[in-house]
Amino acid sequence: MFPAPSRGVRLVGTTYPMSEADRELQQAVRAFVDELIPHEVEAELHGGELPPELLEAHRRRVAELGLEAINMPKELGGGGFSTFQQVLVQEQVGRVTNALGWVVHTPASWLPEVASQEQLDRWVIPTIRGERRECYAITEEGAGSDVDAIQATATRDGDGYRLNGVKWHVTSFNEADHVFFQGKLAGGANAGAHAMFVLDLDTPGIRVVRTPAYAHTYPYHHPVVAFEDVRVPAGQRIGAEGDGMAFAYEWFRYERLMIAARCLGAAERLIEEATAFAKERQAYGQPIFGYQAIQFSLADSLTELWAARLMTYQTASGIDAEIDVKVQHAQCSMAKLYASEMAGRVADRAVQIFGGRGYMRENVAERFYRELRVDRIWEGTSEIQRAIIADQLAKRGVGRLTG
Ligand SMILES: Cc1cc2nc3c(=O)[nH]c(=O)nc-3n(C[C@H](O)[C@H](O)[C@H](O)COP(=O)(O)OP(=O)(O)OC[C@H]3O[C@@H](n4cnc5c(N)ncnc54)[C@H](O)[C@@H]3O)c2cc1C
């Protein structure tokens, strides 16, 4: 177990100063991810799956290291890590492909504050203990970036609701046992407002329509899921009628920063692997590292990684210092936008440095080249991040956002 974040302690490190405890945490997670990396190719060639006993061993290591539910409050049994510490963990997790790093599971951190006692007992606390797992059903065929365009409905029915809608890309549905469903209220005083519900996946009326294949090779699927007259008691509505959008925004802010962090880890791994390869690989009688074209490619990647890392670390520190939440929002968008686009460029350059090997599925650059693409799409596309950033720029000015 790692000590709680400490303020005013001696800072160590020459590149980015952090407490000794944080440095130790970073190194311990790095060592754990180094244990996962050798299983990547096996996972890649088996649909992202690993033998159950291996997965179980990885879960035990996560528990031993105190990395379960690091984003959840200590009072509920979570890790209570600072945002900065979570970024350090997620950065290391990002160094491994096939979502092997998702064994470090982070439940819905927006939930405890708004959950009823029943919801805490049935869903939140068992999820923190690792006994349950959630998935999200928000996006629809006709509503992705524009969440307000969702057609899913929640209709009052006696002391509960009936839910209807078809949701797309429901990540981890095959591993989860409950789902957060967002719909619009049909009728009543709050007609048209969004509401969020938590439901067990064995509730009658929930069915998988189809499970499409995606570019990455993950054990976590993203099926299209239909909700057909699904009856839920009012106690499974989270917060008040009309609160639904607020929860989504809070989760987006958190997840955007963690995507940025994972992109840092991916870029670091790619630069390390591509550099090692370039120093070994001979062409025209010398290592290709000797050619300026290769050097410049790696130099650009390293420079962009450092810029993205400083942005991401600084954004996390600002959140821990409780700066204005709107500034946090804009900075999380900037970190996600820059880090995800940076990692995409780094992966593309790494494939080029590996040459033909970089196009083989046993090669790390090939896997990351595919996997990192979605980081510019999910939790808000790059265009949506730019729209958020521009909106905040107009309202708050350059100094507030970057000063
Ligand atoms: C692998 C994967 C997993 C996912 N997991 C989940 C999940 O678990 N739960 C869930 O609910 N959703 C999930 N999603 C959905 C994801 O959040 C959406 O795909 C994403 O928000 C984009 O929506 P869309 O695909 O409908 O694209 P659209 O919104 O249709 O966008 C299409 C294009 O138009 C651009 N665009 C849209 N609006 C604007 C604008 N105002 N200005 C400029 N350009 C614009 C977009 O940037 C994009 O380039 C997942 C998606 C993927 C690919």
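Residues numbered from 1 in each chain as written. Predicted model: local features only at pLDDT ≥ 70, side-chain atom pairs only at ≥ 80, totals over all residues. Heavy atoms only, no water.

Asks: Go over the pairing of strand β4 (residues 153-157), please, and point to the residues and values.
Replies: Examined bridge by bridge, β4 and strand β5 (residues 160-167) share 5 bridges and lie antiparallel to one another. Each residue of the ladder has a partner; that of D157, found in β5, is G160. Joining the antiparallel neighbours β4 and β5 is a turn of 2 residues, in which G158 adopts a positive phi near 60 degrees. As paired strands, β4 and strand β6 (residues 178-186) are joined by 3 bridges and run parallel to one another. The partner of A154 across the bridge, within β6, is L185. (Pairing = 2+ DSSP bridges. Helix = DSSP H or I, 4+ residues; strand = E, 2+ residues; numbered from the N terminus.)

Asks: So what's going on with the packing of aromatic side chains? Residues and values would help.
Replies: Applying the stated criterion across every chain, the model contains 14 aromatic pairs. Feature note: the residues W110, Y136, F180, F247, W251 and Y254 constitute an aromatic cluster, connected by ring pairs. In this structure, K167 is placed above the aromatic ring of F181, and the distance from its NZ or CZ to the ring centre is 5.2 Å. The aromatic ring of W168 is capped on one face by R210, whose charged end is 5.6 Å from the ring centroid. (Phe/Tyr/Trp six-rings, centres within 6.5 Å; stacked < 30°, edge-to-face > 60°. Lys NZ or Arg CZ within 6 Å of the ring centre and 35° of its normal.)

Asks: Describe the site of the ligand, with residues and values.
Replies: Near the ligand lie 16 residues; those nearest to it are T139, S145, T171, T381 and E383. For the ligand, whose accessible area on its own is 970 Å², the fraction buried by protein is 61%. For the shell around the ligand, the per-class residue count stands at 7 nonpolar, 7 polar and 2 charged. (Near = heavy atom within 4 Å. Areas by Shrake-Rupley, 256 points an atom, 1.4 Å probe, with all protein chains shown as cover. Nonpolar A, V, L, I, M, F, W, Y, C, P; charged D, E, K, R; others polar.)

Asks: Account for helix α6 (residues 244-280), with residues named and values stated.
Replies: The first and last C-alpha atoms of α6 sit 54 Å apart over 37 residues, in line with the 54 Å expected at 1.5 Å per residue. Burial runs high along α6: 29 of the 37 residues are buried. (Expected span 1.5 Å × (residues − 1). Buried < 20%, exposed > 50% of the residue type's maximum accessible area, 1.4 Å probe, protein only.)

Asks: Kindly report on the packing of helix α1 (residues 20-36) against helix α4 (residues 83-93), identifying the contributing residues and their values.
Replies: In the contact formed by α1 and α4, the axes pass within 8 Å of each other and the chain directions differ by 25 degrees. In terms of orientation, α1 and α4 fall into the roughly parallel class. In the packing of α1 onto α4, the handedness of the crossing is right-handed. Of the residues in α4, those in contact with D22, L25, Q26, V29, R30 and V33 of α1 are F84, Q85, L88, V89, E91, Q92 and V93. Here the contact of α1 with α4 is composed, by residue class, of 7 nonpolar, 3 polar and 3 charged. (Axes fitted to C-alpha atoms, helices over the stretch in contact; angles between N-to-C directions. Parallel < 35°, antiparallel > 145°, perpendicular 65-115°, else oblique. Left-handed = near helix turned anticlockwise from the far one by under 90°. Contact = heavy atoms within 4.5 Å.)

Asks: I'd like a description of the pattern of salt bridges, backed by residues and values.
Replies: Scanning the model with the defined rule gives 33 salt bridges in all. R132 is the salt-bridge partner of D177, the closest N and O atoms lying 2.9 Å from each other. You can see D177 sitting in the loop between β5 and β6 and its partner R132 sitting in the loop between α5 (117-128) and β3 (134-137), a full 45 residues away along the chain. For D177, a relative accessible area of 26% corresponds to the partly exposed category. Among the salt bridges present, the one from K184 reaches D148, with a minimum N-O distance of 3.8 Å. Of this pair, K184 sits in strand β6 while D148 sits in the loop between β3 and β4, placing them 36 residues apart in sequence. (Salt bridge = Lys/Arg side-chain N within 4 Å of Asp/Glu carboxyl O.)

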